[in-house]
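Secondary and tertiary structure notes
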Protein chains: 2
Amino acid sequence: MTKYQIPNATIKRLPLYYRYFQFLNDSKRDKISSSELAKAVQVDSATIRRDFSYFGSLGKRGYGYEIAPMLEFFKELLNQSQTTKVALVGVGNLGSALLNYNFSQTNNIQITAAFDNNPSLINTVVNGVRVYNVDDLATELTTQEIDVVILSVPVASAQKVADQLVEAGVKGILNFTPIRVATPDTVRVHNVDLANELQTLIYFLNNYS
Amino acid sequence: MTKYQIPNATIKRLPLYYRYFQFLNDSKRDKISSSELAKAVQVDSATIRRDFSYFGSLGKRGYGYEIAPMLEFFKELLNQSQTTKVALVGVGNLGSALLNYNFSQTNNIQITAAFDNNPSLINTVVNGVRVYNVDDLATELTTQEIDVVILSVPVASAQKVADQLVEAGVKGILNFTPIRVATPDTVRVHNVDLANELQTLIYFLNNYS
């Protein structure tokens, strides 16, 4: 199959597989049974087999998976041999926490620039990342060749900043604000809606216990 | 259909619909066309219609949706007439940001207790929420009748704390740590994996642009 037929749900599980093979490799393991893998990543074996099948024949039935080649495979698939630079806009509580979050612990991702409009934050350094004036967004993103941005500004300015990001040529936005921002089709937005996650969990508990 | 047949993807969109009808109601709107709703929540009309169909006939084709009854419907469905109390374990950078995050802005959810093992945090108050000693987890959760917990502890203690939560009778865990914690089937865990979200976005940008 071509990559264009890979389901979104599968794609969302790829970093999880990658991370777990990384962990196994660090633990000097050689291979893992499909049942042990299923238990560790909490995805059932049939789903794992189907996920892997989109990328050709990975692993043999009844034998399990060899760790080194699997790790290599996912590393290349997820482009982990090169670091992806990411910017963050909105250095409030959540933004600061994200600047301090160790994305590179498990993935080859690094936040290399932050932006805010608060004069007391501009030109400070948070966890090694410089905070720029949000007015310099377009210039800095272009100079630093960054096209993926984490959006953690207050709701009231979410759409305005999203417009600026689009204008600056950004290709992807990880939106932590509780509203859905409108962007052209050329810009991909993934939403991480914290209240929504909590609400969904509570809905399940109230209705399926 | 019974509620047991509602797809997870639909359930995850319910808080979004609720929040948007809340916004429309606050804006004194009476009704909304299905195309405007689709555009605002960024879910296509056919999916919205299918989502709503699980709950019987909401709205009329070609007429759109009346806001007040829709809001009432979702409010009841999501149990928004009563506040759900939630606890948070792990008051680090991310935990503090979550304590400061305004969950009640859009949902009837309130974090009412926090826990940590850091003596300099214990008995402090963060955004109105008292931080308790993690040793008092079971007692406090029982006394305060809390059975939903946000887990934002360091990776190294994630499974240990998850075990304590299970022991304390917790029913649902919103897991912000980058590992999957093992729990019995009676405890529901939803994972919010920030590095995963960013990695998935980057994968899409690298492969589908």
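Residues numbered from 1 in each chain as written. Chains lettered and ligands numbered in written order. Predicted model: local features only at pLDDT ≥ 70, side-chain atom pairs only at ≥ 80, totals over all residues. Heavy atoms only, no water.

Stated formally: UniProt positions are given in the numbering used here, feature names are shortened, and annotations may be inferred rather than shown by experiment.
Chain A is annotated in an unreviewed UniProt entry as Redox-sensing transcriptional repressor Rex from Bombilactobacillus folatiphilus. UniProt lists a comment for chain A under the heading Subcellular location (unreviewed entry), and it reads "Cytoplasm". Its UniProt record gives chain A a comment under Subunit (unreviewed entry), which states: "Homodimer."

Here we look at the overall build of chain A
Formally: The secondary structure listing takes helices from DSSP runs of H or I that are at least 4 residues long and strands from runs of E that are at least 2 residues long, numbered from the N terminus. Here the term buried applies to any residue with accessible area under 20% of the maximum for its type, exposed to any over 50%, and partly exposed to those in between, with areas from a 1.4 Å probe on protein chains only. In this analysis, two residues are considered to be in contact whenever any of their non-hydrogen atoms come within 4.5 Å of each other. Method for areas: the Shrake-Rupley scheme with a 1.4 Å probe, in which residue coverage is limited to the protein chains shown. For the purpose of counting charges, residues Lys and Arg are taken to be positive, whereas Asp and Glu are taken to be negative. His and the chain ends are not included. Where a charge lies is defined by one atom per residue type, namely NZ (Lys), CZ (Arg), CG (Asp) and CD (Glu).
Helix and strand counts for chain A come out as 8 helices and 9 strands. For chain A, the C-alpha atoms occupy an extent of roughly 60 × 45 × 30 Å along the three principal directions. The proportion of buried residues among the 209 residues of chain A is 49%. Of all intrachain contacts in chain A linking residues separated by at least 6 positions in sequence, the fraction that spans at least 24 positions is 55%. Per element, the accessible surface of chain A, about 9,800 Å² overall, is 46% carbon and sulfur. Of the side chains in chain A, 19 bear a positive and 19 a negative charge, and the two mean positions are spaced by 10 Å.

Considering the pairing of strand 4 (residues 109-116) of chain A
All names here are of chain A. Threshold: A pair of strands is treated as paired once DSSP finds two or more bridges between them.
Taken across its 8 residues, strand 4 has 6 buried, putting it largely inside the fold. Direction of pairing for strand 3 (residues 84-89) relative to strand 4: parallel, over a ladder of 6 bridges. By the bridge assignment, Ala87 is partnered in strand 4 with Ala113.

So, the relation of the copies chain A and chain B
What relates the two chain copies is a rotation about an axis together with a slide along it. Short version of the rule: The copies are overlaid by a least-squares fit using only the C-alpha atoms of residues whose pLDDT is at least 70 in both copies.
Placing chain A over chain B gives an RMSD of 0.0 Å and needs a rotation angle of 180°, together with 0.0 Å of translation along the axis. The superposition of one copy onto the other is thereby described by a two-fold rotation axis. Within chain A, the C-alpha atom positioned nearest to the axis of rotation is that of Ala97 of chain A, 3.1 Å from it. When the interface residues of chain A are mapped onto chain B, 100% of them are again interface residues, pointing to one common binding face.

Concerning the confidence of the model for chain A
Keep this limit in mind: Every residue carries a pLDDT, the predictor's confidence in it, which falls somewhere between 0 and 100.
When the pLDDT values of chain A are averaged, the result is 89; 94% of them are 70 or greater. Within chain A, the lowest mean pLDDT, 87, falls on helix 1 (residues 8-26) of chain A, and the highest, 98, falls on strand 7 (residues 148-151) of chain A.

What to know about the pairing of strand 8 (residues 172-175) of chain B
All names here are of chain B. We apply this condition: Handedness is read with the strands pointing away from the viewer; a crossover is right-handed when the path from the first strand over the helix to the second is clockwise.
By the alternation rule, side chains of strand 8 split into Gly172 and Leu174 and Ile173 and Asn175, which are all buried. Handedness of the strand 7 (residues 148-151)-helix 7 (residues 155-167)-strand 8 crossover: right-handed. Across 4 bridges, strand 8 lies against strand 9 (residues 188-191) in parallel orientation. Looking at the pairing, Ile173 lines up with Val189 of strand 9.

A word on the domain arrangement of chain A
Put simply, the rule is: Domains are outlined according to an automatic or database domain assignment.
Looking at chain A, the domain boundaries give domain 1 (3-77) and domain 2 (84-196). If you average the C-alpha positions of domain 1 of chain A and of domain 2 of chain A, the two centres end up 31 Å apart.

A word on the pattern of salt bridges
Residue and element names in this part refer to chain B. Under the convention used in this document: Salt bridge, as used here, is a side-chain nitrogen of Lys or Arg placed within 4 Å of a carboxyl oxygen of Asp or Glu.
Per the counting criterion, the structure on display carries 6 salt bridges over all chains. Between Asp51 and Arg13 there is a salt bridge, and its shortest N-O distance comes to 2.6 Å. Note that Asp51 is positioned in helix 3 (residues 45-53) and Arg13 in helix 1 (residues 8-26), a separation of 38 residues in sequence. Taking relative accessible area as the criterion, Asp51 reaches 0% and is therefore assigned buried.

Observations regarding the packing of aromatic side chains
Residues and elements named next belong to chain A. Counted only if it meets this: For Phe, Tyr and Trp, rings pair up if their centres lie within 6.5 Å, where Trp contributes its six-membered ring, and each pair is then called stacked (planes under 30 degrees apart), edge-to-face (over 60) or tilted (otherwise).
Inspection of every chain in the model, using the stated rule, returns 22 aromatic pairs over all chains. Where Tyr17 meets Phe52, the ring centres are 5.0 Å apart and the plane angle is 80°; that geometry is what we call edge-to-face. Placement of Tyr17 in helix 1 and of Phe52 in helix 3 (residues 45-53) is noted, with a sequence separation of 35 residues between them. Grouping residues by exposure puts Tyr17 and Phe52 together as buried. Between the aromatic rings of Phe52 and Phe74, the centroid separation amounts to 5.6 Å while the plane-to-plane angle is 55°, which identifies the pairing as tilted. Of the two residues, Phe52 is situated in helix 3 and Phe74 in helix 4 (residues 67-77); the sequence distance between them amounts to 22 residues. For the pair shown, Phe52 and Phe74 are each scored as buried.

A look at the interface of chain A and chain B
By a widely used convention, the size of an interface equals the accessible area lost when the partners come together. Going by this rule: Buried area is a sum: the accessible area each of two parts loses on coming together, probed at 1.4 Å, counted once for each and added.
Each partner contributes residues to the interface: chain A has 62 residues there, and chain B has 62 residues. Of the roughly 5,900 Å² buried between chain A and chain B, counting both surfaces, carbon and sulfur atoms make up 65%. When the buried surface of chain A facing chain B is broken down by residue, Leu198, Gln199 and Tyr203 of chain A rank first, second and third, together holding 11% of it. Counting the contacts that link chain A with chain B gives 2 salt bridges. Salt-bridge contacts for Asp193 of chain A lead to Arg19 of chain B; the nearest nitrogen and oxygen are separated by 2.8 Å. Listing elements by their share of the side of chain A that touches chain B, those giving two or more residues are helix 1, helix 2 (34-41), strand 3, helix 5 (93-100), strand 7, strand 8 (172-175), strand 9 (188-191) and helix 8 (194-208) of chain A. Sort the elements by how many residues they give to the side of chain A that touches chain B and helix 8 of chain A lands first, with 15 residues.

Looking at the sheet that holds strand 4 of chain A
Residue and element names in this part refer to chain A. Defined as follows: Between the N-to-C directions of two axes lies an angle of 0 to 180 degrees, each axis being a line fitted to C-alpha atoms and, for a helix, fitted only over the stretch in contact.
The strand order 5-6-4-3-7-8-9 describes an open sheet built from 7 strands, whose pairing is mixed. The sheet is open, and its two borders are formed by strand 5 (125-126) and strand 9, each paired with just one other strand. The sheet contact formed by strand 5 and strand 6 (residues 129-133) spans 2 bridges and is antiparallel. Each bridged residue has a counterpart across the sheet, and for Val126 the counterpart in strand 6 is Val129. Across the face of the sheet, helix 7 (residues 155-167) comes into contact with strand 3, strand 7 and strand 8 while running at roughly 170° to strand 7.

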